[in-house]
Amino acid sequence: MELNAGLVCRGLNFRWPGKNADEPPVLEAVEAVFAQGTVSLVTGNTGSGKSTLMHLLAGLLHPTAGEVWADGQPVSRWPSRHRDPWRRQVGIVFQHLALIPDLTVGENLLLPMIPRPITWSRMQEEIRRQLEDAGLSALADAPTNTLSGGQRQRLAIARALVARPRFVLADEPTAFQDDHHAARICAQLCDIAREGAVVVIGSHDPRLRSFDGIDRRFHLASATLTGAAVNQGAP
Amino acid sequence: MMPGTRYPPMVIWAARDIQRHCGRSMLLFACLASLVFLTAMALLFSQALDATWERLMDQAPDLVVRRIDGGGWAPLPVDVAMACAKKIPGVIDPTPRLWGVVPGPEGPVTVVASIAVVPESMLKGIPPPSAGQAVVGQGVARALSGGRLSLGSNHSVTVSVIHTFPADTGLATHDLVWMTPDDARPLLGLVPGQASDLAVHLFRREEERAIQADLAAAFPWPVRITDRSTSALNHHTRAVRSGGIAVVAGIPALLALLLIITGTVVDNTARQAYWGLLKSMGWTTADMVRLQVSRAMIVGIPAVVLGLASAYAAVFYPPAAGITAFWVTGGQHLPALTLVSSGAAMVMIEIAAMVGLPFLAAVFLTTLRAADGSPWTLLQADPWN
Amino acid sequence: MIWHPLTWAFWVAAATGGLLYATGAVQAVDVMLNWTPAHADIDQLRRERHAESAALLGHWALGFLTAAALLGLVGVALVWHRMVPGAMCGTGVLQAMGTDGSRAMIFWGVSLLILHGWRVLDGLDVQRPQGVLTRTGARLMISAAPFFLLAVFYSWQALMRVETVPTVSCCAAVYDRVLSGASESAALKSLAAICLWFSLAGGAALLALMVLKIRFPDRGSGAMPAIIAVLWSFAATVALKQVGSAYYYQVLSHPCPWCLFLPDYYGAGFFIFGGVAVVVMESIAIWLADRTRRRYPVLAGPAGKRIQRSAWGIVTAMIGFTMLALGPAIAWRLRTGVWLNGSP
Ligand SMILES: Nc1ncnc2c1ncn2[C@@H]1O[C@H](COP(=O)(O)OP(=O)(O)OP(=O)(O)O)[C@@H](O)[C@H]1O
Ligand SMILES: [Mg+2]
């Protein structure tokens, strides 16, 4: 198990700022390796801290103790001037999607690409490809607020994937999907992992639990992540 | 989806962002354009005044010698004065001049009788008047009755006007009446052999100051000598000041308005979630500053161009120019102005510094204030949270 | 003078630049005092954000203050002499300003140089996430503050003084001095000769050093080129004023540096002295990058690249300077067969 590739949590602790010290933390001493080229599933009850873990992995939240390492670098300790551009390698699907309602579908996909040094025509090509994968090609010019809930979620996934990220963090990616589309999304995430990305899915969707493309399964309960030790050497 | 283009994606996105907030951008555009218009108008006007004066005065004498006595100006005996002036080395072609201010039908006019007073550049091929005739400036021509002009109070002289000076020399010829020396002498109270003053050119203009002292000592009566650089300096100072006052009066208030509007247009808390989202997708604070500066440029550059163009029209396009001159100078007569390119370039630089820099700084500071939080805090402004 | 629009433009630029600088420096104070890298407490996170925005603010402030300084330079060299009785070029304006004018220019130069040094350090610091130079950078940025304040103070004094100035003699005074005092002019001549030869030798040495730096950026000292470059810049300025400028004016005994900026000589002064400024700035960059390379091995790679880039900058600027400063003299020599002072 190579330590240098993938996302690694080392003794990760997280407590919401401003909460009482005697309250239990959201995450405590989490050790986990999300290896390159694998799909990991993090399950847990509502309110157990799956979304919080995703945000920690994406560098949006800061751990109160411990570190997140990416590709052998302690990114969670980096100053914001370096963490912000590092996030270009991360594609995150928010649980509440966070789409911009007055932009069209295509424009929402454009947002993560603009600050990158690629040409406009390359961007358009990537968007077209991503829309096809998400089954949204016909809706490219529709305003986002005219889409159905499931379509919006597929758009949010497409936005996370459009810039070919190295780390994909998907929070409840199948919550609003029918069985057919849920399977399609899983297959899509597996393909990304086979191309070399690190995919972490946080979900309590039972359909995902039985999906066989998942390489590793973690369970989050009472602030600890279990299942981590199964396929992992000492960090 | 947008068609393929050759602009950088950041600029395209900035344009799309402007389209999303069209009203605010229009407000900013109008504010910026009018600010540039007002500033540029005042500055262009003073520059043009200055350049025009310089062009007209290009051939003016370097030094002018007048005789003075207890009562003020006194007539200058031509032969003595010429002999004295020629003794000084470095002085070339001293020329006696006949001119003076006399009462006209509508206020005083300047009567000139020797060509030395009126620089060549103003004549533009007008034939000199013969006895009983006169060439007059635009201001005098307006008050004419039937092509005849009568001047003077006790020794009144009436001449017929054969020409008027061209309008674009108005700055120097507005109240001028050019007539023959014989017609002018009684008006000016001179006898033949006397002149109003002596105009002198110098071999080396740098020696102006040294020669002034020599000249003053060479004449047998007290004289007063005026040099060109002093009068040019005074004029330059006046022209610049007229522009400066207009700037000082109106600009700071407008600038403050611009800063406030920029602040509200660029920054509003509803966009915090937007910034947070962009950061979570790999945008840096510097990227956001680039986006906002691109936005500001897309709105600002056309606004500045429009403001400059309309200021140019207001100063140099005849009908509007009259109103402008009246406004800036407080009701003096209107010269037709010329612009020199170096002056125009200077105005551009001054506008860029006085309007452009504060505008950019306001855009930058408001963006920084809005966008430099941590992405998580910014995302919390999302109504979903 | 206070009415001249360019004066207003200068003050507006200086004020906005100063505002940006002050905002940045205030944020840098926190960074300078309490920076604790590799900690993740709330205060350190705030400091990181402060460091980031202070860096952005510093870059913008440097741009704005440079613009202000250039506006002031344009004013002195090209514009304000028309407001000063007797002045024909920047010499007259500076005479009218008294010592305050030269002081203002010196302090502007020093504060811009310090900010330039900060920019070099910041450019190296962003290359690696460890932030080893963040604290030094913050300190350097703040240390420009007193110089900047003095620059503003003396600029104000100088500009106010021009308002009520009697006639100045401008570069005519230079004529007089050179033509009258024979003994003084002999001393001046030997000084000019020394400076000319030193500037030629120093320039050659600097060029050789730079070629070495381009080949081997991580060897040799960085202080040496900086010292040579600073000394060279003085010698070159004097040599240019006493010797080189004569071939622009095509008269001897008018060693006025400011007339070179006038449009009559195609504003050559801007390019010539710009070249000198680039040499000094880039040599300081080399010095700082070399220090960084020695102290922080993590930054050795980026520092080496920076040294190479600066060395290229110096070489380019030296070539441009030499062509502009010596070109007219060589052209004159080729055309007439003698130098301007008659010697073959
Ligand atoms: N912004 C916040 N401030 C304070 N506490 C929060 C915040 N967001 C979430 N929490 C708390 O943190 C804990 C974990 O929340 P989180 O959103 O990570 O759960 P989750 O596992 O994603 O749940 P779900 O399955 O419902 O999405 C919860 O107890 C919640 O109350
Ligand atoms: Mg959740």
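What counts as what
Residues numbered from 1 in each chain as written. Chains lettered and ligands numbered in written order. Predicted model: local features only at pLDDT ≥ 70, side-chain atom pairs only at ≥ 80, totals over all residues. Heavy atoms only, no water. Donors = N, O, S within 2.8 Å, 3.2 Å for Na, K, Ca; no water. Helix = DSSP H or I, 4+ residues; strand = E, 2+ residues; numbered from the N terminus. Buried < 20%, exposed > 50% of the residue type's maximum accessible area, 1.4 Å probe, protein only. Pairing = 2+ DSSP bridges. Axes fitted to C-alpha atoms, helices over the stretch in contact; angles between N-to-C directions. Contact = heavy atoms within 4.5 Å. Buried area = accessible area lost by both parts, 1.4 Å probe. Salt bridge = Lys/Arg side-chain N within 4 Å of Asp/Glu carboxyl O. Polar contact = N/O pair within 3.5 Å; in protein donor to acceptor, adjacent residues only side chain to side chain. Core = buried A, V, L, I, M, F, W, Y, C linked by side-chain atoms within 4.5 Å.

Caption draft 1: Inspection of the coordination of the magnesium ion (ligand 2) at higher detail. All names here are of chain A. Bound to the magnesium ion (ligand 2) are the protein donor atoms Ser51 (OG) and Gln95 (OE1), situated 1.9 to 2.1 Å from the metal. Here Gln95 lies in the loop between strand E5 (90-93) and helix H3 (105-110) and Ser51 lies in helix H1 (residues 50-57), a separation of 44 residues in the sequence. On the basis of relative accessible area, Gln95 is assigned to the partly exposed category, the value being 41%.

Caption draft 2: A look at the sheet that holds strand E1 (residues 7-14) of chain A. Residues and elements named next belong to chain A. Spatially, the three strands line up as an open sheet ordered E2-E1-E4, and their pairing is antiparallel. On the outer flanks of this sheet lie strand E2 (27-34) and strand E4 (65-70), each paired with one strand and no other. Averaged over all pairs of adjacent strands, the angle between their axes in this sheet comes to 10°, without regard to strand direction. The pairing of E1 with E2 spans five bridges and is classified as antiparallel.

Caption draft 3: Representation of the interface of chain B and chain A in the model. Each side of the interface is counted separately: chain B has 28 residues, and chain A has 32 residues. Across the chain B to chain A interface the summed buried area is about 2,800 Å²; carbon plus sulfur atoms make up 67%. Inspection of the chain B/chain A interface yields four salt bridges. The partner of Asp287(B) in a salt bridge is Arg88(A), with the nearest N and O atoms 2.6 Å apart. On the surface where chain B and chain A come into contact, there are seven residue pairs in polar contact (both at pLDDT 80 or more).

Caption draft 4: The arrangement of the pattern of salt bridges in detail. A full pass over the atoms with the stated rule returns 26 salt bridges over all chains. One salt bridge in this structure joins Asp84(A) and Lys279(B), with 3.8 Å as the shortest N-O distance. Of the two residues, Asp84(A) sits in helix H2 (residues 80-86) while Lys279(B) sits in helix H10 (residues 272-280), which places them in two different chains. Just as Asp84(A) is buried, Lys279(B) falls in that class too. A salt bridge links Arg207(A) to Asp179(A), with the nearest nitrogen and oxygen atoms 2.8 Å apart.

Caption draft 5: Spatial organisation of the nonpolar core. Formed by 135 residues in total, the largest nonpolar core has its most connected members in Leu258(B), Tyr21(C), Met97(C) and Trp108(C). Ranked by residues supplied to this core, first place goes to helix H2 (residues 42-79) of chain C with 16 residues. With residues up to four places along the chain from it excluded, the contact list for Tyr21(C) reads Ala61(C), Leu65(C), Leu115(C), Met141(C), Ile142(C), Ala144(C), Ala145(C) and Phe148(C). With 94 residues, the next largest nonpolar core counts Ala58(A), Leu97(A), Ala98(A) and Ile185(A) among its residues.

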